[in-house]
Structure formats: structure tokens, C-alpha cells
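Next come the chains, spelled out residue by residue.
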Amino acid sequence: MFAGKTTVLLQRIQAEADAGRRVALVKSDKDTRYGLGCIVSHSGKKMHCAAVASLSDFKSNKPELYAQAEIIGIDEAQFFDDLLSFCQSAADWDGKTLIVAGLDGDFLRQRFGSALDLVPLADSVTKLSSRCEICGRAAAFTFRKTDDRRKEVIGGADIYMPVCRKHYVNGQFAMEAARSVVLESHSPQRDPCSSSPERKLAIG
Ligand SMILES: Nc1ncnc2c1ncn2[C@@H]1O[C@H](COP(=O)(O)OP(=O)(O)O)[C@@H](O)[C@H]1O
Ligand SMILES: Cc1cn([C@H]2C[C@H](O)[C@@H](COP(=O)(O)O)O2)c(=O)[nH]c1=O
């Protein structure tokens, strides 16, 4: 996150529109933070879009928009279960150009949705990185600052921060240590007289 995916997507869609091409922008309706009619980057740039539950909904519920669009921009691609089938058929059979922005991995660095499955079908792929919020180095990973373990948790800088490899690993270690301290303190078998081993909780 914070790597500039939405910024680049909006810039490319704007450039295509300025060149006279018919464009459409789509995002998942799971993200309601800025209302459903807009895609907004973390730095505040925004454009109108269609917010849909699935990409097949976009095609069936907005048939004119789909039919007239030469270029379709998709943001938050990780949230669309039908990403692969939609992109394949739109590009291969309907002649659309797709510009897709999304996360490849989640806060645990596990694959997120099917953005990775698009790689062999794409003409080109750009992996962006942010700046580590702790040391300023290139940040390829996203650290979740809360204890929520669900894969999908909508949010921005309130919940997530971009981190480099070192600070990702340190942060995960600190979270695990904190979690085990909490679990131990709630365990009925715990001997109140025994002292817990020292744990490092600092990230950095
Ligand atoms: N905590 C943050 N860390 C890094 N960048 C941030 C942060 N908060 C806001 N930004 C801004 O967000 C921009 C990237 O926003 P955006 O294009 O929405 O990224 P992405 O879609 O990859 O999450 C950065 O260029 C920076 O100006
Ligand atoms: C890492 C991670 C992110 N999310 C959510 C949080 C945001 O709502 C989006 C990512 O938005 P961005 O344009 O890339 O900033 O995804 C999530 O649900 N689970 C995660 O592990």
C-alpha cells in the first residue's frame, strides 16, 4: 500500500481520456471510505468511477459504459473474485485495454485475490514500492498495526503502514511476542509466581 498504484492508474486513465479515448473506471464496492462514486488516492487525487460487487456486475449493470469503453481501469483488483475471467474476456474477445491496479500480497505477505494470476496474461507488469515509514528505504510490504487477523480489512494509514523487509520482520516478531504475552496472561494454568522471559516489543 501507499506505493502509488491508484495515483498511476488515475494518471494513465486521465492521459487516455485527454488523448480522446473513451475510458471507464471501476472499483470494488467494499471500499466505501470516500463514497461509491469516486476513486481517491492516498494523496487526495480523485476521479469518478463505477463501484461494483463484481466485474461481471459492471458488464451486466452498466452495459453502455462497458460497450463504449476502449480503456477500462480497475482499482483494488484484489477484491474482485472474477478478475481473471473478466480481464481475459474483455481483452481477448472484446478488444478492451485494461489497466489494473491492486495488491499482490496481504499484510501476511500471502497472495491476495487473483492479481498474480493476471501476470502471464498481461502485456506488461509494474511492481511499485513505497517508502518505509520507519527508515525511509524502499518498502515492498504492508504492516498492519492492529491485532485483526482477517484477510480483508478496509483502511488506510490508520491501520496500515509501508515497511521495508527488516522492519516488516521486526514488526511481525513484535506483534507475535505481544500476542503470546496476552495469551499467557489469560491462561488459567499460568503460575502467577513465575516470571515470563524477556521479549523485545520494539519495531525498529
Ligand atoms: N503513510 C503514508 N505512507 C506513504 N505514503 C503516503 C502515506 N500517506 C499518504 N501517502 C501518499 O500516498 C501516495 C500514494 O497513494 P496511492 O496512489 O493511493 O497509493 P496506493 O494505491 O498504492 O495505496 C504517496 O505518493 C504519498 O503521497
Ligand atoms: C494489506 C492489506 C490491505 N487491505 C485493504 C486495505 C485497503 O482498503 C486496500 C488497499 O488499498 P491501497 O489502494 O493499496 O492503499 O486493501 C486488506 O484488506 N488486507 C490486507 O492485508
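Residues numbered from 1 in each chain as written. Chains lettered and ligands numbered in written order. Predicted model: local features only at pLDDT ≥ 70, side-chain atom pairs only at ≥ 80, totals over all residues. Heavy atoms only, no water.

If you look the protein chain up in an unreviewed UniProt entry, it shows as Thymidine kinase from Selaginella moellendorffii. Recorded in UniProt under Sequence similarities (unreviewed entry), the annotation for the protein chain is "Belongs to the thymidine kinase family." (UniProt positions renumbered as here; feature names shortened; annotations may be inferred.)

Caption draft 1: Just the overall build of the protein chain, in detail. When you go through the protein chain residue by residue, the secondary structure sums to five helices and ten strands. Here the C-alpha coordinates of the protein chain stretch approximately 75 × 35 × 35 Å along the principal axes. Going through the 204 residues of the protein chain one by one, you find that 37% of them count as buried. Taking the average place of the 28 positive charges on the side chains of the protein chain and the average place of its 26 negative ones, the gap between the two points comes to 6 Å. (Helix = DSSP H or I, 4+ residues; strand = E, 2+ residues; numbered from the N terminus. Buried < 20%, exposed > 50% of the residue type's maximum accessible area, 1.4 Å probe, protein only. Lys, Arg positive; Asp, Glu negative; His and termini not counted. Charge placed at Lys NZ, Arg CZ, Asp CG, Glu CD.)

Caption draft 2: Fine view of the pattern of salt bridges. All told, the structure shown has twelve salt bridges when counted by the stated rule. Linking Asp 147 and Arg 179 is a salt bridge whose minimum nitrogen-to-oxygen distance equals 2.8 Å. Placement of the pair is Asp 147 in the loop between strand S9 (141–144) and strand S10 (160–163) and Arg 179 in helix H5 (residues 165–186), with a sequence separation of 32 residues. Looking at Asp 147, the relative accessible area reads 52%, which means it is exposed. A salt bridge links Asp 148 to Arg 150, with the nearest nitrogen and oxygen atoms 2.5 Å apart. Asp 148 gets classed as partly exposed once you look at its relative accessible area, which sits at 23%. Given the relative accessible area of 52%, Arg 150 is considered exposed. Three or more residues joined by partner-sharing salt bridges are found here, namely Asp 147, Arg 149, Glu 176 and Arg 179. (Salt bridge = Lys/Arg side-chain N within 4 Å of Asp/Glu carboxyl O.)

Caption draft 3: Inspection of the UniProt feature "active site" (unreviewed entry) in the protein chain at higher detail. With numbering matched to this structure, UniProt assigns "active site" (unreviewed entry) to Glu 76. With respect to the element layout, Glu 76 can be found in the loop between strand S5 (71–74) and helix H4 (83–92). In terms of polar contacts, Glu 76 uses its side chain to reach the side chain of Gln 78, at 2.9 Å. (Polar contact = N/O pair within 3.5 Å; in protein donor to acceptor, adjacent residues only side chain to side chain.)

Caption draft 4: Seen up close, the pairing of S5. The two faces of S5 match: Ile 71 and Gly 73 on one face and Ile 72 and Ile 74 on the other face are all buried. The pairing of strand S1 (residues 23–28) with S5 spans four bridges and is parallel. Residue pairing in the sheet places Leu 25 in a bridge with Gly 73 of S5. Judged from the four bridges that link them, S5 and strand S6 (residues 97–100) form a sheet pairing that is parallel. Paired with Ile 72 across the two strands is Leu 98, which belongs to S6. In this fold, S5 hands off to H4, which returns the chain to S6; that crossover is right-handed. (Pairing = 2+ DSSP bridges. Right-handed = clockwise from strand over helix to strand, strands pointing away.)

Caption draft 5: Summary view of the site of ligand 1. Near ligand 1, the surroundings consist of 13 residues, among which Phe 2, Lys 5, Thr 6, Thr 7 and His 42 are the closest. Within the backbone of Gly 4, a nitrogen or oxygen atom sits 3.0 Å from an oxygen atom of ligand 1. Considering every element that reaches the shell around ligand 1, the biggest residue donor is helix H1 (residues 5–18), with three residues. Tallied by class, the residues present in the shell around ligand 1 amount to four nonpolar, seven polar and two charged. Counting contributing residues per domain, the shell around ligand 1 is built from domain 1 (1–128) and domain 2 (129–185), each supplying no fewer than three. (Near = heavy atom within 4 Å. Nonpolar A, V, L, I, M, F, W, Y, C, P; charged D, E, K, R; others polar. Domains from an automatic or database assignment.)

Caption draft 6: Representation of unusual backbone geometry within the structure. Residues other than glycine seldom take positive phi values, yet Phe 2 does so here, at roughly 65°. Tracing the sequence through the fold places Phe 2 in the segment before H1. Using a relative accessible area of 23% as the deciding quantity, one classes Phe 2 as partly exposed. Positive phi, close to 55°, is recorded for Glu 76, a residue that is not glycine.

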